[in-house]
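Summary of the model geometry
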There are 2 protein chains.
Amino acid sequence: MELYSYFRSSASFRVRIALALKGLDYDYRPVHLARNAQLGADFTAITPTQLVPQLVDGGQAIGQSLAIIEYLDETHPEPPLLPKEPVGRARVRGLALDIACEIHPLDNLRVLRYLVRELKVGEDAKNAWYRHWVEQGLAAVEAKLASSPQTGRCCHGDAPTLADCVLVPQIFNAQRFDCRLEHLPTVMRVFEHCMLQPAFQAAQPSACPDFEP
Amino acid sequence: MELYSYFRSSASFRVRIALALKGLDYDYRPVHLARNAQLGADFTAITPTQLVPQLVDGGQAIGQSLAIIEYLDETHPEPPLLPKEPVGRARVRGLALDIACEIHPLDNLRVLRYLVRELKVGEDAKNAWYRHWVEQGLAAVEAKLASSPQTGRCCHGDAPTLADCVLVPQIFNAQRFDCRLEHLPTVMRVFEHCMLQPAFQAAQPSACPDFEP
């Protein structure tokens, strides 16, 4: 398998965690988003969406981090990244989507660029935008985690699931942009538990071959 | 089952299509987003995320449209909304996420409100923002659909899947905001085919109990 990834892309980070949790080997193919490598002909030939991550398995390119993780879970079932029963699966997927649909899309690089270049938004207002969606979005995740008996050391029970694969990279982003985190005790407890585990450490940006300090 | 929905919410529309395709009965519970009913105590007690749609099944609230549709597909398998083989499932989920993560989050009501109220963006620039993400995002979907032999009368083969449940509401939004659609012949062919089917017609905004012209 080959993973097209960028060290700082949190969607790529999600997939790297899943691959590490399942103990799967892969070739790391860097795509330098800050230099717009995703817009080049080489990468566009792999996917017209020009989005990382892309997993190439048996010659097939698979995009969208959540779809890739579900694919990995279906083709390499151990350890499972989703619970067995439908309500639990829906809870884990819902938590992952609360971040992947409600927070992350508003704060990715091309959106921040549009704010600055097209809407002439200043640095302070851009950072306030970033923090607004992260802090509000994670408050909803906190409320869900704090109110459910199904929350364990991880988002759902004591073993990592798809939800943790998505939560951890979002906290990296939040820390990078100095977002407020004091209102998120359960989220941060889960984050810190996950980061003790080798799979999460191995997948983090600073452990990537294309890492730049 | 109960579905908390707003006629104009395209995430709710996705779930209404899935329920109709599976022929499932449900009680329609309107949540008036334009009047901020989702922020009230009644709805917050159902979900701290304050997001529609929510499906309540056996007393359990399930949020996030894509998680709800996967739940319905697991608990009511016929007709299936995902293919059987993992690569096909990943393709369908990827198409759904190309819209649910890359287009829709940038154009929902609370984001447009933030642009206007916090960033003081004018009407023309707000509409240009809206159209930018829709037109660019759907161009990527078009490229994927047009280049794949797996595209049929619907996004994946000839029967509706999760991808069609997500595509059709996005086109309703695009038409409402006068987005350019000429560059999307395959997308529009699939849309028009879907809209001939009773399940898609029954789920559309104008067929909802809370519809307002």
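So, here is what we can say about the structure in this document. (Residues numbered from 1 in each chain as written. Chains lettered and ligands numbered in written order. Predicted model: local features only at pLDDT ≥ 70, side-chain atom pairs only at ≥ 80, totals over all residues.)

A tally of helices and strands in chain A yields nine helices and four strands. Scanning chain A from its N terminus toward the C terminus, one meets helices and strands in the order β-α-β-α-β-β-α-α-α-α-α-α-α. Taking 213 residues into account, the globule formula puts the C-alpha radius of gyration at 17 Å, and chain A, at 17 Å, falls close to it. When each of the 213 residues of chain A is scored for burial, the buried share is 49%. In chain A, once contacts between residues fewer than 6 apart in sequence are set aside, the share between residues at least 24 apart is 70%. (Helix = DSSP H or I, 4+ residues; strand = E, 2+ residues; numbered from the N terminus. Rg over C-alpha atoms; globule rule 2.2 N^0.38 Å. Buried ≥ 20, exposed ≤ 12 C-beta atoms within 10 Å, placed from the backbone. Contact = placed C-beta atoms within 7 Å.)

Overlay of chain B on chain A (RMSD 0.0 Å): rotation 180 degrees, translation along the axis 0.0 Å. Overall, the copies show the geometry of a two-fold rotation axis. The rotation axis passes nearest to the C-alpha of B:Cys101 in chain B, at a distance of 2.5 Å. Taken as a fraction of all interface residues of chain B, those also at the interface in chain A reach 100%, which identifies the copy contact as same-surface. (Least-squares fit on C-alpha atoms with pLDDT ≥ 70 in both.)

So, about the interface of chain B and chain A. Listed as interface residues are 34 residues of chain B and, on the opposing side, 34 residues of chain A. Elements supplying a minimum of two residues to the side of chain B that touches chain A: strand S4 (60-63), helix H3 (65-75), helix H4 (86-100) and helix H6 (123-147) of chain B. With nine residues, H4(B) is the largest single contributor of residues to the side of chain B that touches chain A. Across the side of chain B that touches chain A, the residue classes break down as 20 nonpolar, seven polar and seven charged. (Nonpolar A, V, L, I, M, F, W, Y, C, P; charged D, E, K, R; others polar.)

For the rest of this paragraph, the subject is the nonpolar core. Residues A:Ala96, A:Leu167, B:Ala96 and B:Leu167 are the most contacted members of the largest nonpolar core, which totals 134 residues. The residues touching A:Leu167, leaving out its near neighbours within four places in the chain, are A:Ile99, A:Cys155, A:Val187, A:Val190 and A:Phe191. (Core = buried A, V, L, I, M, F, W, Y, C linked by C-beta atoms within 7 Å.)

This brings us to unusual backbone geometry. Omega for the peptide link from B:Val52 to B:Pro53 comes to 0 degrees, which places this bond in the cis form. The topology assignment puts B:Pro53 in the loop between helix H2 (41-46) and strand S3 (54-57). The amide bond that connects B:Glu78 to the next residue, B:Pro79, takes the cis arrangement and shows omega of -20 degrees. Among the structural elements, B:Pro79 can be located in the loop between H3 and H4. The phi dihedral of A:Asn36 falls on the positive side, at around 60 degrees, and the residue is not glycine. Looking at the element boundaries, A:Asn36 is found in the loop between strand S2 (27-30) and helix H2 (41-46). With 13 C-beta atoms counted inside 10 Å, the residue A:Asn36 sits in the partly exposed group. At B:Lys120, a residue that is not glycine, the phi angle is positive and equals roughly 55 degrees. Inspection of the secondary structure puts B:Lys120 in the loop between helix H5 (109-117) and H6.

Moving on: the sheet that holds strand S1 (residues 2-5) of chain A. All names here are of chain A. The strand order across the open sheet formed by four strands is S2-S1-S3-S4, and the pairing between neighbours is mixed. With one partner strand each, in any of the chains shown, S2 and strand S4 (60-63) form the two edges of the open sheet. Looking at each pair of strands side by side, their axes are set apart by 25 degrees on average, direction ignored. Two strands pair when backbone bridges link them, and S1 and S2 are joined in this way by four bridges, in the parallel orientation. Within S2, the position partnered with serine 5 by the bridge is proline 30. (Pairing = 2+ DSSP bridges. Axes fitted to C-alpha atoms, helices over the stretch in contact; angles between N-to-C directions.)

In this section: the packing of helix H3 (residues 65-75) of chain A against H4(B). Their axes nearest at 8 Å, the elements H3(A) and H4(B) cross at an angle of 160 degrees. Here H3(A) is positioned roughly antiparallel relative to H4(B), judged by the angle of their axes. In terms of crossing hand, the pair formed by H3(A) and H4(B) is right-handed. For the pair formed by H3(A) and H4(B), the contact residues are A:Leu66, A:Ala67, A:Ile68, A:Glu70, A:Tyr71, A:Glu74 and A:Thr75 on the first element and B:Pro86, B:Arg89, B:Ala90, B:Arg93, B:Gly94 and B:Leu97 on the second. Here the contact of H3(A) with H4(B) is built from residues that sort into seven nonpolar, two polar and four charged. (Parallel < 35°, antiparallel > 145°, perpendicular 65-115°, else oblique. Left-handed = near helix turned anticlockwise from the far one by under 90°.)

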